[in-house]
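Residues per chain are reported as follows:
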Amino acid sequence: MGLTKSEIFTDEQNTLASAFKVLGHPARVAILQHIINQKACICNDLVDELGLAQATISQHLKELKSLGIIQGTVEGKSVCYCIDHTVWKEIQNNFNSFFNQEVKVSNCCS
């Protein structure tokens, strides 16, 4: 498969595709759900909670941070993560705009 020619798509399409790509892994969804359910920043308990290796979790956290949906703060020797509410709302609005588009129903595929 060739490289994606992102420059031929709109900023909105590229932004939406990036969010779908990052959120398209179940471990990342589980990490976000865990952070949300804690209702606070979390530090170092993802390995025990998710049962994945530390290196694997670190890679998933890196991807989530690259999207900006989480942010981390250093506390001593550990990093604590929380949801960036501004980015969360932005992604939520982008997804809502995408999925709330009216789809014209036709019989062409039946």
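Summary of the structure given here. It should be emphasised that the depicted structure is a prediction, and the values quoted were computed from it without experimental measurement.

### Re the environment of Arg-28
With respect to the element layout, Arg-28 can be found in helix H2 (residues 26-38). Taking relative accessible area as the criterion, Arg-28 reaches 12% and is therefore assigned buried. Between the C-alpha atoms of Arg-28 and Leu-64, which are 36 residues apart in sequence, the distance is 7.2 Å. In this structure Arg-28 touches Lys-21, Val-22, His-60, Glu-63 and Leu-64, once residues within four positions along its chain are discounted.

### What about a nonpolar patch on the surface?
Taken together, the side chains of Phe-20, Phe-98 and Phe-99 make up a nonpolar region of the molecular surface, amounting to roughly 300 Å² of accessible area. As for its position among the elements, Phe-99 is in helix H5 (residues 85-99). According to the relative accessible area criterion, Phe-99 is exposed, its value standing at 57%.

### So, the pattern of salt bridges
For the structure on display, the rule yields one salt bridge. Lys-104 is the salt-bridge partner of Glu-102, the closest N and O atoms lying 3.9 Å from each other. In this pair, the class of Glu-102 matches that of Lys-104, namely exposed.

### Quick word on the nonpolar core
Membership of the largest hydrophobic core comes to 20 residues, with the highest contact counts inside it found for Leu-64, Ile-69, Ile-70 and Ile-91. Going through the elements one at a time, helix H1 (11-23), H2, helix H4 (54-67), strand E3 (78-83) and H5 are the ones with two or more residues in this core. With residues up to four places along the chain from it excluded, the contact list for Ile-91 reads Ala-19, Leu-23, Leu-67 and Ile-69.

### Brief notes about the packing of H1 against H5
Here H1 crosses H5 at 110°, and the two axes come no closer than 10 Å. By the angle between their axes, H1 is roughly perpendicular relative to H5. Mapping the contact onto sequence places Thr-15, Leu-16, Ala-19, Phe-20 and Leu-23 in H1 and Ile-91, Asn-94, Phe-95, Phe-98 and Phe-99 in H5. Residue classes in the contact of H1 with H5 are distributed as eight nonpolar, two polar and no charged.

### With respect to the sheet that holds strand E1 (residues 42-43)
Hydrogen bonding along the main chain pairs the strands of a sheet, whether they run parallel or antiparallel. Taken in spatial order, the three strands make up an open sheet running E1-E3-E2, and their pairing is antiparallel. Bordering the open sheet on either side are E1 and strand E2 (70-75), each of which pairs with just one other strand. With respect to the sheet, H2 is in contact with E1, E2 and E3, its orientation differing from that of E3 by roughly 85°. Across the sheet, H4 is in contact with E2 and E3; its angle to E2 comes to roughly 120°.

### Looking at the packing of aromatic side chains
For any pair of aromatic rings, the description rests on two quantities: the centre-to-centre distance and the angle between the ring planes. Taken as a whole and judged by the stated rule, the model has four aromatic pairs. Measuring from centroid to centroid gives 5.9 Å for Phe-20 and Phe-98, while their planes differ by 70°, and the two rings are edge-to-face. Taken as a pair, Phe-20 in helix H1 and Phe-98 in helix H5 lie far apart in primary sequence, 78 residues in all. Judged by relative accessible area, which is 33%, Phe-20 ranks as partly exposed.

Conventions and cut-offs
- Residues numbered from 1 in each chain as written.
- Predicted model: local features only at pLDDT ≥ 70, side-chain atom pairs only at ≥ 80, totals over all residues.
- Heavy atoms only, no water.
- Helix = DSSP H or I, 4+ residues; strand = E, 2+ residues; numbered from the N terminus.
- Buried < 20%, exposed > 50% of the residue type's maximum accessible area, 1.4 Å probe, protein only.
- Contact = heavy atoms within 4.5 Å.
- Patch = residues over 30% accessible without salt bridge, like charges linked within 9 Å, V, L, I, M, F, W, Y side chains within 5 Å.
- Areas by Shrake-Rupley, 256 points an atom, 1.4 Å probe, with all protein chains shown as cover.
- Salt bridge = Lys/Arg side-chain N within 4 Å of Asp/Glu carboxyl O.
- Core = buried A, V, L, I, M, F, W, Y, C linked by side-chain atoms within 4.5 Å.
- Axes fitted to C-alpha atoms, helices over the stretch in contact; angles between N-to-C directions.
- Parallel < 35°, antiparallel > 145°, perpendicular 65-115°, else oblique.
- Nonpolar A, V, L, I, M, F, W, Y, C, P; charged D, E, K, R; others polar.
- Pairing = 2+ DSSP bridges.
- Phe/Tyr/Trp six-rings, centres within 6.5 Å; stacked < 30°, edge-to-face > 60°.

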